Structure formats: structure tokens, C-alpha cells
Amino acid sequence: TIAEDEGDSSWQALLYNNTNHSSGFESQGNSLNGRTSGRYKTKALSDDVPPYLHERKLRLTHLSAQDFGKCVILGCLNYIGLLWVRQSIGVGGIIEIVNPTLLSASHAILAFLIFYAKLFLSLPAGRLLFVVAYNFFLQQRNMKRSLIAKSLNN
């Protein structure tokens, strides 16, 4: 996902969409699931650097701040709830399952669900690390281009 506002270097701009699409979005006329597909405009670092030489920053997601927060909260609650249920079905737990077949089946299902909950949280976290590292090196490349463009103009 490409960040549309290059001037904003906050964590909010890195994580989710904190601006209105109408300001930085050029529509190409195609619609997919009610959303218009298109590309983001880019701003030059300075007057010396043409916009086509300026790489755009990545963003973790196109979600709004509220939707992103809901996803994080639901993912955490899902993981915590699964851990609570796993401890509750054991011997002496709130939901004690006496039948050994049902107990092993429920442990297998819960193991899969806990694995899925961990993936739900860890894959975006891993992608966030990639986006942060990518944007760091991208900013360095953009600064080098700016310095080269300034030296060529002088």
C-alpha cells in the first residue's frame, strides 16, 4: 500500500489512512466492490526533483483509524479469549470435558484457532517491520536523488 501524503512522517501515516482519499487520489474510473481503483499522486521533495524521481512511502493498510483500531482490538480479544477457553476446558476448569475423545478434539480445534489468532497478529506485525525498514531506506534514496538534482541544477 502506497502512502498518499509524503509530508506526514507520523506513525499514524505509516499504519493507516488518516487523510481523505479525495485530496490525493486520482480516479481511473474502475470500481471494485464499491471502491474506486486508482493511483496516488506524489509530491516532489523540492522544486529541483521531478515527481517521477520521488519514490512513494509504503503504508501498512488503507483502513481508517477506527477500522484499524477495531481490527487490533478484535485480534487481541480473540487471542485472549481462546487462551481463556483452553484453560477452562481442562480438568477442574469451568467447562470441564470428561469424555477423553471430546477433550482431545477440543484441544486440537483450539490449537488450530490459537495458531490462526497468532498469525492474525504476527503477520501484520512482520509486515510493519518490513514497511518501516523499507521506508527508512526509501527516504535515504529520495534524499540522495534530491542532492544529485540540486547539484545538477547548480
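Up top is the structure.
Below is a summary of the structure that appears in this document. Model, not experiment: these values are computed from the prediction. (Residues numbered from 1 in each chain as written. Predicted model: local features only at pLDDT ≥ 70, side-chain atom pairs only at ≥ 80, totals over all residues. Heavy atoms only, no water.)

Before going further, it helps to spend a moment on helix α3 (residues 65–88). Given a rise of 1.5 Å per residue, 24 residues ought to cover 34 Å, and the 34 Å separating the end C-alpha atoms of α3 matches this to within 8%. Of the residues making up α3, those classed as buried are Phe68, Gly75, Leu82 and Ser88. (Helix = DSSP H or I, 4+ residues; strand = E, 2+ residues; numbered from the N terminus. Expected span 1.5 Å × (residues − 1). Buried < 20%, exposed > 50% of the residue type's maximum accessible area, 1.4 Å probe, protein only.)

A few words now on the nonpolar core. Among the nonpolar cores identified, the biggest contains six residues, and these are Leu82, Ile89, Leu103, Leu110, Ile114 and Ala117. Looking at this core element by element, the count peaks at four residues for helix α4 (residues 100–153). Once residues lying within four places of it in the same chain are set aside, the contact partners of Ala117 are Asn78, Tyr79 and Leu82. (Core = buried A, V, L, I, M, F, W, Y, C linked by side-chain atoms within 4.5 Å. Contact = heavy atoms within 4.5 Å.)

Let us look at a nonpolar patch on the surface. Side chains of Ile109, Phe112, Leu113, Phe115, Tyr116, Leu119 and Leu123 sit close together on the surface and give an oily, nonpolar patch of about 720 Å² of accessible area. Among the secondary structure elements, Ile109 is positioned in helix α4. Assessed through its relative accessible area of 52%, Ile109 is described here as exposed. (Patch = residues over 30% accessible without salt bridge, like charges linked within 9 Å, V, L, I, M, F, W, Y side chains within 5 Å. Areas by Shrake-Rupley, 256 points an atom, 1.4 Å probe, with all protein chains shown as cover. Salt bridge = Lys/Arg side-chain N within 4 Å of Asp/Glu carboxyl O.)

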